[in-house]
Each structure stands twice: as C-alpha cells, then as structure tokens.
Amino acid sequence: MHRRRPIYLALILLTAALAACASAQPPNSSPSGAKKFRIGMSQANNAEPWRAAMNAQIAAAAATRPELEVTFTDAQQNNAQQVADVEQFMSSGVDLLIISPNEATPLTNVVAKAYDKGIPVIVLDRKVNGEKYTMWIGADNRLIGRKAGEYVATWCKAQMRVPCGVIELRGLEGSTPALERGDGFREGIAANANVKIIANQNADWIYDKAISLAEAMFKANAAVDVVYGHNDPMGEAAITAAKNISRDISKTLVIGIDALPTPDGGIQSVLNRRLSITYVYPTGGAQAIEWAAKILEEKATPPKEVVLETEEVTSANAAAIYQKYGGK
Ligand code: FRU
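The structure reproduced in this document is the subject of the present report. (Residues numbered from 1 in each chain as written. Predicted model: local features only at pLDDT ≥ 70, side-chain atom pairs only at ≥ 80, totals over all residues. Heavy atoms only, no water.)

### Here's the deal with the site of the ligand
Stated formally: Whether a residue is near a molecule or strand depends on its heavy atoms: it is near if one of them lies within 4 Å of it. Contacts described as polar in this section are N or O atom pairs within 3.5 Å, which, within protein, must combine one atom able to donate a hydrogen with one able to accept it, while residues neighboring in sequence count only if both atoms come from side chains. For the area figures, the Shrake-Rupley method with a 1.4 Å probe applies, and any residue is considered shielded solely by the protein chains shown. Boundaries between domains were set according to an automatic or database domain assignment.
Near the ligand the following residues occur: Glu-48, Trp-50, Arg-51, Asp-125, Arg-126, Pro-177, Arg-181, Trp-205, Asn-231, Asp-258 and Tyr-281. Taking Arg-51, its side chain carries an N or O atom lying 2.4 Å from an oxygen atom of the ligand. Contact distances for the ligand include 3.1 Å between an oxygen atom and a side-chain N or O atom of Arg-181. In the complex, 99% of the free accessible area of the ligand, which totals 310 Å², lies under the protein chains. Counting only domains with at least three residues in the shell around the ligand, you end up with domain 1 (5-139 + 282-309) and domain 2 (141-279).

### Some points on the nonpolar core
Soluble, globular proteins show a tendency: their nonpolar side chains are buried together. Applicable threshold: Buried Ala, Val, Leu, Ile, Met, Phe, Trp, Tyr and Cys residues that are joined via side-chain atoms within 4.5 Å together make up what is termed a nonpolar core. Partly exposed residues are those whose accessible area sits between 20% and 50% of the maximum for their type, while under 20% is buried and over 50% is exposed, using a 1.4 Å probe and protein chains only. Counting from the N terminus, the helices are DSSP H or I runs at least four residues long and the strands are E runs at least two residues long. Residues count as neighbours in contact if any of their non-hydrogen atoms are within 4.5 Å of one another.
If you look at the biggest cluster of nonpolar residues, it comprises 46 residues, and the most contacted ones within it are Ile-122 and Val-152. The element contributing the most residues to this core is helix α10 (residues 285-297), with seven residues. When residues of this core are assigned to domains, at least three map to each of domain 1 (5-139 + 282-309) and domain 2 (141-279). With sequence-adjacent residues up to four places away left out, Ile-122 is seen in contact with Leu-96, Leu-97, Ile-98, Ile-99, Met-135, Ile-137, Ala-288, Trp-291, Ala-292 and Ile-295. The next biggest cluster of nonpolar side chains, apart from the first, holds 31 residues, and it includes Ala-259, Ile-267, Leu-275 and Val-280.

### Structural notes on the sheet that holds strand β9 (residues 253-255)
Two modes of strand pairing occur in sheets, parallel and antiparallel, and in both the strands are linked by backbone hydrogen bonds. For clarity, the cut-off: The criterion for strand pairing is that DSSP finds at least two bridges linking the strands in question. In this analysis, axes come from line fits to C-alpha atoms, helices being fitted only over the stretch in contact, and the angle between any two N-to-C directions falls in the range 0 to 180 degrees.
Here we have four strands laid out as an open sheet, ordered β7-β6-β8-β9, and parallel in their pairing. Two strands close off the open sheet at either side, each with one partner strand: β7 (195-202) and β9. On average, each strand axis in the sheet is tilted by 15 degrees relative to the strand beside it, whichever way the strands run.

### Details of the environment of Val-94
Position of Val-94 relative to the elements: it lies in the loop between α3 (79-91) and β3 (96-99). Contact partners of Val-94, with chain neighbours within four places excluded, come to Arg-38, Ile-39, Gly-40, Phe-89 and Ile-119.

### Brief notes about the sheet that holds β3
Spatially, the six strands line up as an open sheet ordered β2-β1-β3-β4-β5-β11, and their pairing is parallel. Each edge of the sheet is formed by a strand with only one pairing partner; in this case those strands are β2 (68-74) and β11 (305-308). Each neighbouring strand pair of the sheet contributes to a mean axis angle of 15 degrees, computed without reference to strand direction. Taken together, the three bridges between β3 and strand β4 (residues 121-124) define a ladder with parallel strand orientation. Bridge pairing in β4 places Leu-97 opposite Val-121.

### A word on the pairing of strand β8 (residues 226-229)
Stated formally: Call a crossover right-handed when, viewed with both strands pointing away from you, the route from the first strand across the helix to the second goes clockwise.
Going residue by residue along β8, you find Val-226 and Tyr-228 tucked away on one face and Val-227 and Gly-229 tucked away on the opposite face as well. Where strand β6 (residues 164-170) meets β8, four bridges bridge the pair, whose relative direction is parallel. By the bridge assignment, Val-166 is partnered in β8 with Val-226. For β8 and β9, the ladder comprises three bridges, and the chain directions are parallel. Looking at the pairing, Val-226 lines up with Leu-253 of β9. Regarding topology, helix α8 (residues 232-244) serves as the crossover connection from β8 to the parallel β9, and that connection is right-handed.

### Points about the pattern of salt bridges
In plain terms, the rule: Salt-bridge detection follows one rule: a side-chain nitrogen of Lys or Arg within 4 Å of a carboxyl oxygen of Asp or Glu.
In total, this model carries 13 salt bridges according to the counting rule given. Across the salt bridge formed by Arg-170 and Glu-173, the nearest N and O atoms sit 3.2 Å from each other. Arg-170 sits in the buried class, given a relative accessible area of 8%. Of the charged contacts in the structure, one is a salt bridge between Lys-324 and Glu-311, with a shortest N-O distance of 2.6 Å. One end of the pair, Lys-324, is in helix α11 (residues 318-324); the other, Glu-311, is in the loop between β11 and β12 (312-313), and 13 residues separate them in sequence. Residue Lys-324 is classed as exposed on the basis of its relative accessible area, which comes to 54%.

### Focus: the side chain of Glu-103
Short version of the rule: A residue counts as positive if it is Lys or Arg and as negative if it is Asp or Glu; His and the chain ends are not included.
Structurally, the position occupied by Glu-103 is in the loop between β3 and α4 (104-116). Arg-126 is the oppositely charged side chain nearest to the buried, salt-bridge-free Glu-103, at an N-O distance of 7.6 Å. Only 2.7 Å separates the side chain of Glu-103 from the side chain of Asn-79, close enough to count as a polar contact. A polar contact is formed between the side chain of Glu-103 and the backbone nitrogen of Gly-174, at a distance of 3.1 Å. Those residues in contact with Glu-103 that lie beyond four places of it in its chain are Asn-79, Leu-172, Glu-173, Gly-174 and Ser-175.

### A few points about the packing of helix α2 (residues 49-63) against α10
Definition in use: By definition in this entry, angles of less than 35 degrees are roughly parallel, angles greater than 145 are roughly antiparallel, angles of 65 to 115 are roughly perpendicular, and the rest are oblique. The handedness criterion is simple: a crossing whose near helix is rotated anticlockwise from the far helix by less than a right angle is left-handed, and one whose near helix is rotated clockwise is right-handed.
Axis separation between α2 and α10 bottoms out at 7 Å; the angle between their running directions is 40 degrees. The orientation of α2 with respect to α10, classified from their angle, is oblique. The handedness of the crossing between α2 and α10 comes out as right-handed. Facing α2, whose interface residues are Met-54, Gln-57, Ile-58, Ala-61 and Ala-62, α10 presents Gly-285, Ala-286 and Ile-289.

Below, the structure written as structure tokens:
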C-alpha cells in the first residue's frame, strides 16, 4: 500500500498536467488540436450567378483545409450594408478578410481600417481606391474590354458595316470593372473609325434591369450592329429584350463577359448561338483561399497583385473551353 503511493501521485500529477494543457489551448482551436483560422468573406451580392460561383469556389477550396473556417456575408449590392458587414467581421475578430467590394469609393475606408488594424485583407475582382489592403486578385478588365473592342473593330470591317453602331450595357458605375471594361473597349474600337457607340446605359450588372433598358435602346435606334454587355447576364438581357419587342437581332453581334462553365452560363450560350462571344472572367475564389492559407499559416508576404488569365470564347472554341473549365 505504502509503496503504491508514488504511482498514484504520478497519475494525479499527469492528469492535472493534461488538464492544464487542454485549458491552455486557444479558444479557436479545432478538436484535433490544429489551429483554426477564421476568415470573413464579404460578398457584394450573392444574387448574381457569377458571385454565387465565387462563393462556391471559396467554400470548396476551404473545405479541403480543415484549419480554415469561412463565414460569408451578403451585402445585396448595398454599400452601407457591406461596410457594416466588414465592421462586424472586425469586431468578431476574424484572422483574415476577403472582400469583393460592391463599389470602390464607399468601401475604401472600411477596408483600410481593417488593414490598419493588422488584419490581412484580400480584395477580389472589383477594386478599392488606394493601397491599403494586403493583395488584390482578379483578371485584367481593361484588357478584356480592349479585346472585345478589337473583335468588334475587325468584325465590323469584315461585315462591311458602315457605320457600325454599338449599344453598350454597362456595369454599376462605381465598380471598377465597369469603368475598365468601358475604357478598354473604347481603346479597342479605335482601330476602326466606323465603329460608333450610339447609346450606353448603366444596368448595374443586373439582368432584369438590362431588359427594359435594352428594349428602350433598340426602340430608339433602328440599326444596332453590336450589343456590348459588360457581363453575360446583360448580354442575355438584350436578347430577351429583342424577343419581347419582336426585333430581329440575328445579324447583330452580342457580346458578354464572365463565361461561367454552367448550363445557363455564357459558354453554353455561345454554343447555343445566343451570345456571339464572351470572355472567361475567373472568380479567383480558389486563389483567394490558397493565398489566405499562405498568409495565415506560412506568414507569407504575398504579391500586391495576382492577375488571372482570361480567354476569348467564340463558337469555334466554346466546346473546348467548356470542357477545360470543368463545365457540367
Ligand atoms: C457579378 C458581376 C460579374 C462581373 C463582375 C464584375 O456581380 O457583375 O458578372 O463580371 O461582377 O465585378
């Protein structure tokens, strides 16, 4: 009896030591003991298909990394809501913020505030003003616009359309891709002086808004050679608008941007001979999670910008591109 005492004592001490270890674990540890990093993802508007795809890619990439936990918010295209969402992430103490900002100027200060607090901030797709963020990931919207403009310049020449009238359905004015896609397009069409933008309207990226605007633009312009939609939903809206008012646009070039590899996305639309061309605009969701992991786990210093590849989708390559991007 006497001799067993040291064993009991050792057991008691061991148990106490283990209990102390357990309670010393940080509160955000996972049951396996690995560190859990909390990421806030502030989305501008879940209701748009391309943004739903971005969220899905983020969720899928994060699911392969159990140490990352992502919480999503949806600002529903409301800047004030998105500012509040980011404030909320800051007060809940996220380890990293990913944001796809609705408009640049209204979101700039809150992004800078998070960055100044030492929270790494990954800005995705649309930009903010200035430099107060950790990194930006997205495709080159000016380049996409320029490629579209060059395509139009060449097409109008080949079709001998003189003049060659373009109607433009623009994205939300304060969002950087709208400005860049508009400016790039103007650079591209400069190669053919016969190309004229005869009307342009902001449809704010939204299919429903673009339908009525496109109807009015068709009614006001007897000859429309080209429709330039800043995204696929607005290109599709022009097709719906023409149908609504029984306007024949079979000889009209209809352009979109996004090219989601989904049954109702832009690539399939090109295959169905609805949109004439579109451009792959990657969401960057998977890359954002890769970089988040590097920043949080390896303390990596990322590049300020990661520019994603784009591709022109025409009826000649649409089937191959659909496959390449895993279309189902
Ligand atoms: C969705 C969307 C996309 C577009 C991107 C630009 O909100 O309009 O269709 O390519 O945003 O930021």
